Amino acid sequence: MRISVIGCGYLGAVHAASLAHLGHDVVGIDVDPEKVENLSAGRAPIFEPGLPDLLAEGLESTRLRFSTDIADAAGAHVHFIAVGTPQLAGSTGADMRFVDAAVASLIPHLRGGDLVVGKSTVPVGTAARLAPDIEAVGARLAWNPEFLREGYAVTDTIAPDRLVYGIADGDDIAVDELNEVYAAAIESDTPVIVTDYATAELVKVAANSFLATKISFINAMAEIAEVTGADVTKLADAIGYDKRIGRKFLNAGVGFGGGCLPKDIRAFTARAEELGRSDSVAFLKEVDAINLRRRERVVELVIERLGGSAFQKKVAVLGLAFKPNSDDVRDSPALDVAVRLHGLGANVVATDPEAIANSRRLHPQLTFGTVEEALAGADAVVVVTEWKQYRHLDPREVAAVVANPLVIDARNCLDAEAWADAGWEYVGLGRRPLSR
Ligand code: UDX
């Protein structure tokens, strides 16, 4: 099948490369010439495990190519819209400019019978708004939300745990076409949910709202644990054994970040307000507030444990990405903690295996270094992204290079006993500090 993918960011680049891997003839289109040049040379614009291999495979087979010219979408039969919907500056709503521009620029190149497929996360009602202009040129629209997790984006795309097709009334052909697109990815037990536009759009924001709520729920329990001497990690294990609850997404810590969860819950709240249903999702404001409070708490703990001030204290910040296996620092709690500590006069040296370049672009005032440089002579070590490299640090070796063995484990990812045994004052979130 001939396919175009409009937008080659986190979502589109992975989607285009994955569809080529699934056997299609794919052109990825992006307005950014540098991105297109890099992708055309097989260089992934983001750190995403597996993506470089898929790019190399697709380019070599010539099934995959990239272009800045939207006219190159002509000739494809299915056109995916995979541009970003970031948070609007000065508002909580989603910025729809990129989706609107992508669709408007695509329309003159559509042929009768073509299928346009929205993948971007959008406010409910968007597909219904866009469909008439697409139908006016004899093409059709479907909405097929993406559930990929950064760090696992390739696996999630080529082996999805479910597929959702939002289609126009009676457009059964769209179902067949989408099944053909994903034929090589659909296993006999892969659920395919065929529904209307609004449900498909809502599935995505509802899923992300649920995940965000689960994280903020356990972080709220962490707040209670902190004043009662309880241990939130044991609590999460205990409630997680209830199959109706499940242990996943119950890791208390510095909270969620990234390009999806924070902006999606805010955009959903804004959309519900427009729909006159702000009460229905009022709890999401609380979810957001709990999440942001955890960042403050980490900073507060550093100050408290340093005796009341971080001024001129050397603080090693381990981690900048919003989660491991990613170089993404959008709304990253880790980067936020580094910036706040720097703002309080601490000598922050921040490190990350992949996210230093992106962090420096946003916050050139910070000092970045290797993990060794960060740890040398540190008065406090703060682990804010649970990269494997940090989880596997040897507490005895690290104790030998710091000035003061104080570790704030903002992801509850270290072995508290082992660190305490090695002479550290161990401070997790939602659990009692530990020292021998
Ligand atoms: C999320 C959704 O999982 C995905 O389905 C959707 O398509 C896009 O948004 P992603 O942003 O890649 O994916 O990251 P995810 O793994 O969901 O983690 C989000 C944030 O929550 C991270 O900052 C992570 O550290 C944090 N988190 C996750 C917790 O704080 N605790 C947990 O238990 C789980």
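Residues numbered from 1 in each chain as written. Predicted model: local features only at pLDDT ≥ 70, side-chain atom pairs only at ≥ 80, totals over all residues.

Draft legend 1. Spotlight on the sheet that holds strand S13 (residues 406–409). With parallel pairing, six strands are arranged side by side in an open sheet as S11-S10-S9-S12-S13-S14. Across the chains shown, the open sheet's two edge strands, defined by having one partner strand only, are strand S11 (367–368) and strand S14 (425–428). Note that strand S9 (residues 314–318) and strand S12 (residues 380–383) share four bridges and pair parallel. Looking at S12, one finds that Val 317 is bridged to Val 382. The strands touched by helix H12 (residues 333–343) are S9, strand S10 (347–351) and S12; relative to S10, the strand with the most contacts, the crossing angle is about 165 degrees. (Pairing = 2+ DSSP bridges. Helix = DSSP H or I, 4+ residues; strand = E, 2+ residues; numbered from the N terminus. Contact = placed C-beta atoms within 7 Å. Axes fitted to C-alpha atoms, helices over the stretch in contact; angles between N-to-C directions.)

Draft legend 2. Focus on the domain arrangement of the chain. Considered domain by domain, the chain is made up of domain 1 (2–195) and domain 2 (196–436). Centre-to-centre separation of domain 1 and domain 2, based on C-alpha positions: 32 Å. Counting residues at the interface gives 26 residues for domain 1 and 28 residues for domain 2. Elements that contribute at least two residues to the side of domain 1 that touches domain 2 include exactly helix H5 (126–135) and strand S7 (163–167). Tallied by class, the residues present in the side of domain 1 that touches domain 2 amount to 16 nonpolar, nine polar and one charged. (Domains from an automatic or database assignment. Nonpolar A, V, L, I, M, F, W, Y, C, P; charged D, E, K, R; others polar.)

Draft legend 3. Representation of the UniProt feature "binding site: NAD(+)" (unreviewed entry) in the chain within the structure. Summarizing the sequence annotation, UniProt attributes the feature "binding site: NAD(+)" (unreviewed entry) to Asp 30, Lys 35, Thr 85, Thr 121, Glu 150, Lys 263 and Arg 330 in the numbering used throughout. Sequence-wise these annotated residues cover 301 residues; spatially they are dispersed, their C-alpha atoms as much as 23.7 Å apart. Looking at the element boundaries, Asp 30 is found in the loop between strand S2 (25–29) and helix H2 (33–40). The contact partners of Asp 30, leaving out residues within four places of it in the chain, are Gly 7, Cys 8, Lys 35, Val 36 and Thr 68. For Lys 263, the location among the structural elements is in helix H10 (residues 261–274). If we ignore the near neighbours within four places in the chain, the residues touching Lys 263 are Pro 86 and Gln 87. (UniProt positions renumbered as here; feature names shortened; annotations may be inferred.)

Draft legend 4. Summary view of the environment of Phe 368. With respect to the helices and strands, Phe 368 occurs in strand S11. When the C-alpha positions of Phe 368 and Thr 351 are compared, they lie 5.7 Å apart, and in sequence the two are 17 residues distant. Beyond its immediate chain neighbours, meaning those up to four positions away, Phe 368 contacts Ala 350, Thr 351, Ile 356, Ser 359 and Arg 360.

Draft legend 5. Just the pairing of strand S5 (residues 115–118), in detail. Residues of S5 alternate between two faces, with Leu 115 and Val 117 on one and Val 116 and Gly 118 on the opposite face, all of them buried. Where strand S4 (residues 78–81) meets S5, four bridges bridge the pair, whose relative direction is parallel. Its bridge partner being in S5, His 79 is matched across the sheet by Val 116. For the crossover that starts at S4, traverses helix H4 (residues 97–106) and ends in the parallel S5, the hand is right-handed. Both S5 and strand S6 (residues 140–143) contribute to a ladder of four bridges, which runs parallel. Note that in S6 the partner of Gly 118 across the bridge is Trp 143. (Buried ≥ 20, exposed ≤ 12 C-beta atoms within 10 Å, placed from the backbone. Right-handed = clockwise from strand over helix to strand, strands pointing away.)

Draft legend 6. Spotlight on the site of the ligand. With respect to spatial proximity, 20 residues lie near the ligand, and among them Glu 150, Asn 251, Phe 256, Gly 258 and Cys 260 are the closest. The residue inventory of the shell around the ligand, partitioned by class, reads 10 nonpolar, six polar and four charged. Looking at which domains feed residues into the shell around the ligand, each of domain 1 (2–195) and domain 2 (196–436) gives three or more. (Near = placed C-beta within 6 Å.)

Draft legend 7. Representation of the UniProt feature "domain: UDP-glucose/GDP-mannose dehydrogenase C-terminal" (unreviewed entry) in the chain in the model. Those residues carrying the UniProt feature "domain: UDP-glucose/GDP-mannose dehydrogenase C-terminal" (unreviewed entry) are residues 316–416 in this numbering. Structurally, residues 316–416 comprises 35% helix and 18% strand, and the distance from its first C-alpha atom to its last is 18 Å.

Draft legend 8. Examining the environment of Ala 13 more closely. Among the structural elements, Ala 13 can be located in helix H1 (residues 10–21). By C-beta crowding, Ala 13 is classed as buried, having 27 other C-beta atoms within 10 Å. Spatially, the C-alpha atoms of Ala 13 and Gly 369 are 29 Å apart, while their sequence positions differ by 356 residues.

Draft legend 9. Broad picture of the nonpolar core. If you look at the biggest cluster of nonpolar residues, it comprises 131 residues, and the most contacted ones within it are Val 315, Val 317, Val 337, Val 381 and Val 382. No other element matches helix H8 (residues 197–228), which puts nine residues into this core. Counting residues domain by domain, this core receives three or more from each of domain 1 (2–195) and domain 2 (196–436). Excluding residues within four positions of it along the chain, Val 382 makes contact with Val 298, Val 302, Val 315, Ala 316, Val 317, Leu 318, Val 337, Ile 408 and Ala 410. (Core = buried A, V, L, I, M, F, W, Y, C linked by C-beta atoms within 7 Å.)

Draft legend 10. Inspection of the packing of H8 against H10 at higher detail. The contact between H8 and H10 brings their axes to 9 Å, and the two run at 115 degrees. Regarding H8 and H10, the two cross each other, and that crossing is left-handed. Between H8, through Val 205, Asn 208, Ser 209, Leu 211 and Ala 212, and H10, the contact on the second element is made entirely by Leu 261, Asp 264, Ile 265 and Phe 268. Broken down by class, the residue content of the contact of H8 with H10 amounts to six nonpolar, two polar and one charged. (Left-handed = near helix turned anticlockwise from the far one by under 90°.)

Draft legend 11. Structural context of unusual backbone geometry. One non-glycine residue with positive phi stands out, namely Gln 312, at about 60 degrees. Considering the arrangement of structural elements, one finds Gln 312 in the loop between helix H11 (283–305) and S9. One non-glycine residue, Asn 412, lies in positive phi territory at about 45 degrees. Mapped onto the fold, Asn 412 is located in the loop between S13 and helix H17 (416–421). By the C-beta count within 10 Å, which is 21 here, Asn 412 ends up buried.

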